[in-house]
Amino acid sequence: LATTALGLLVLLASVLTHELGHWYLAQRLGADLRELVLWPLGGLSPIRVRFEPHVECLIYLAGPLTNLAVCLIVSSLLLATGHSLQGLFHPLTPTGLYEATSWLLAAKLAVWINGGLVVINMLPAFPFDAGRAVRSGLSALWPDSSPLRAAWTAALIAKLAAFVLMVLGLIDICRPSPS
């Protein structure tokens, strides 16, 4: 029960840090981000940008980059204190996570959760940050084109990414288990 509570606190702090990354860069770049919304599946921050696609793209990438920074900082601290990161980067079943004191468990959870948030948010599909960044990036790449063209192309990229992930999953399922 204590481990679950600690995990939920680390998750909440990680999602809040992610959303604050969006908010901070939005403020620095002049975008209007008046509220941060946290809900059980993460955060939603309605960004109002006077359609400048390159600014919007940077703001969407700020959240995952914030999680990456947390992951790298805490990983560095763990390595500097002689602790191993082995097994922490398996997305569903990390190993070596629970054999730790409370501060070490919190640090390992921070690495695992922030790393997972980076991977998930960098999937090029909506509603993840990378999906929105791809759409914004395409709008910046094609300034004379319709935003609808960028949205359609981003959706096509998301479908291709989903297909690749599905094939990788099938390969993993069909792979013989080591004896």
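Located above this text is the structure these notes cover.
Residues numbered from 1 in each chain as written. Predicted model: local features only at pLDDT ≥ 70, side-chain atom pairs only at ≥ 80, totals over all residues. Heavy atoms only, no water.

**Some thoughts on the overall build of the chain**
Looking only at helices and strands, the chain features five helices and two strands. In sequence order, the chain lays out its α and β elements as α-β-β-α-α-α-α. Considering the chain as a whole, with its 179 residues, one finds that 32% of them fall into the buried category. Taking contacts inside the chain between residues at least 6 apart in sequence as the whole, the part at least 24 apart equals 52%. Per element, the accessible surface of the chain, about 11,100 Å² overall, is 72% carbon and sulfur. (Helix = DSSP H or I, 4+ residues; strand = E, 2+ residues; numbered from the N terminus. Buried < 20%, exposed > 50% of the residue type's maximum accessible area, 1.4 Å probe, protein only. Contact = heavy atoms within 4.5 Å. Areas by Shrake-Rupley, 256 points an atom, 1.4 Å probe, with all protein chains shown as cover.)

**Looking at the pattern of salt bridges**
Taken as a whole and assessed by the stated rule, the structure comprises one salt bridge. With a shortest N-O distance of 2.8 Å, Glu56 and Arg135 are connected by a salt bridge. Placement of the pair is Glu56 in helix α2 (residues 53-80) and Arg135 in helix α4 (residues 129-141), with a sequence separation of 79 residues. When its relative accessible area of 10% is taken as the criterion, Glu56 is described as buried. (Salt bridge = Lys/Arg side-chain N within 4 Å of Asp/Glu carboxyl O.)

**Some thoughts on the layout of surface pockets**
By volume, the second largest pocket amounts to about 160 Å³. Lining the second largest pocket are Thr3, Thr4, Gly7, Leu8, Leu11, Tyr98, Leu109, Trp112 and Ile113. Broken down by secondary-structure element, the contributors of at least two residues to the lining of the second largest pocket are α1 (2-28) and α3 (102-121). Ranked by the residues each element gives to the lining of the second largest pocket, the list is headed by α1, at five residues. Residue composition of the lining of the second largest pocket, by class: six nonpolar, three polar and no charged. (1 Å grid on protein atoms, 1.4 Å probe; cavity = no way out; pocket = protein on both sides within 12 Å on 5 of 7 lines; lining within 4 Å. Points joined across faces, edges and corners; volume = space filled by probe spheres on them. Nonpolar A, V, L, I, M, F, W, Y, C, P; charged D, E, K, R; others polar.)

**A closer look at the nonpolar core**
Residues Val74, Leu78, Leu109 and Val111 are the most contacted members of the largest nonpolar core, which totals 16 residues. Element by element, the count of residues in this core is highest for α3, at eight residues. If near-sequence neighbours (up to four positions away) are discounted, Leu78 is found in contact with His83, Leu85, Leu104, Ala107, Lys108 and Val111. (Core = buried A, V, L, I, M, F, W, Y, C linked by side-chain atoms within 4.5 Å.)

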